[in-house]
Number of protein chains: 2
Amino acid sequence: MKARVTVTLKSGVLDPQGKAIEGGLAALGFAGVDSVRQGKVFDLEISGRDANAARADLAAMCEKLLANTVIENYDIEIL
Amino acid sequence: MKARVTVTLKSGVLDPQGKAIEGGLAALGFAGVDSVRQGKVFDLEISGRDANAARADLAAMCEKLLANTVIENYDIEIL
């Protein structure tokens, strides 16, 4: 089973990397970009056929390793 | 207009970071994770109302800055 976990910064958390990309895009001549925020995506291949069990496992993985839940949100998609 | 750009490694490109996460998950006791690959996600806020123009702009941004198209694929979503 394939799953995608997307980890993004919570709103309000400063994102200097996103700001740098925003500056880079402006310097390259791309007008009209009001904000950029960068996050992470994890594509996992999971054995087993139970989507609900997989979703619960993935949530535990996010809480323990994939995301810093103090400053980041995570979103789990079973593909 | 909000857009999300997802940048992932092309298949066949080694992903040591993904391998390290896979090892970390195994060490934490998560069995059944067959592979992990890490990518990047960019959440952009774009001014303008034309989705097609925004999509073309985003593709140009990916080609020039957001993705290394030699080793990475990108996917553009207008939200």
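So, here's what we can say about the structure. (Residues numbered from 1 in each chain as written. Chains lettered and ligands numbered in written order. Predicted model: local features only at pLDDT ≥ 70, side-chain atom pairs only at ≥ 80, totals over all residues. Heavy atoms only, no water.)

With respect to the sheet that holds strand S2 (residues 33-46) of chain B
Stage number 1. Reading across from one edge, S3(A)-S1(A)-S2(A)-S2(B)-S1(B)-S3(B) is the order of the six strands in this open sheet, with antiparallel pairing throughout. Only two strands of the sheet have a single neighbouring strand rather than two, namely strand S3 (72-78) of chain A together with strand S3 (72-78) of chain B. Averaged over neighbouring strand pairs, the angle between their axes works out to 25° when direction is ignored.
Stage number 2. With seven bridges joining them, strand S1 (residues 2-9) of chain B and S3(B) adopt antiparallel strand pairing. (Pairing = 2+ DSSP bridges. Helix = DSSP H or I, 4+ residues; strand = E, 2+ residues; numbered from the N terminus. Axes fitted to C-alpha atoms, helices over the stretch in contact; angles between N-to-C directions.)

Some thoughts on the layout of surface pockets
Stage number 1. Empty space within the largest pocket amounts to approximately 220 Å³.
Stage number 2. Contributing to the lining of the largest pocket are 15 residues, with A:Arg37, B:Lys2, B:Arg4, B:Asp43 and B:Leu44 lying nearest its centre.
Stage number 3. Looking at the lining of the largest pocket, the elements with two or more residues in it are strand S1 (2-9) and strand S2 (33-46) of chain A together with S1 and S2 of chain B.
Stage number 4. For the lining of the largest pocket, a count of residues per class yields four nonpolar, five polar and six charged. (1 Å grid on protein atoms, 1.4 Å probe; cavity = no way out; pocket = protein on both sides within 12 Å on 5 of 7 lines; lining within 4 Å. Points joined across faces, edges and corners; volume = space filled by probe spheres on them. Nonpolar A, V, L, I, M, F, W, Y, C, P; charged D, E, K, R; others polar.)

A closer look at the interface of chain A and chain B
Stage number 1. On the chain B side, the residues contacting the 31 residues of chain A number 31 residues.
Stage number 2. Overall, the association of chain A and chain B removes approximately 2,600 Å² of surface from exposure, summing both partners, and the carbon and sulfur fraction of that is 65%.
Stage number 3. The interface formed by chain A and chain B holds zero salt bridges in total.
Stage number 4. Joining chain A to chain B, the criterion identifies ten residue pairs in polar contact (both at pLDDT 80 or more).
Stage number 5. When contributions to the side of chain A that touches chain B are tallied by element, the ones reaching two or more residues are S1, helix H1 (16-27), S2 and helix H2 (51-66) of chain A.
Stage number 6. In terms of residue count, S2(A) provides more of the side of chain A that touches chain B than any other element does, 14 residues in total.
Stage number 7. Residue classes in the side of chain A that touches chain B are distributed as 15 nonpolar, eight polar and eight charged.
Stage number 8. Summarising the sheet, S2(A) and S2(B) pair through 13 bridges and their orientation is antiparallel. Directly across from A:Phe42, in S2(B), lies its bridge partner B:Gln38. (Contact = heavy atoms within 4.5 Å. Buried area = accessible area lost by both parts, 1.4 Å probe. Salt bridge = Lys/Arg side-chain N within 4 Å of Asp/Glu carboxyl O. Polar contact = N/O pair within 3.5 Å; in protein donor to acceptor, adjacent residues only side chain to side chain.)

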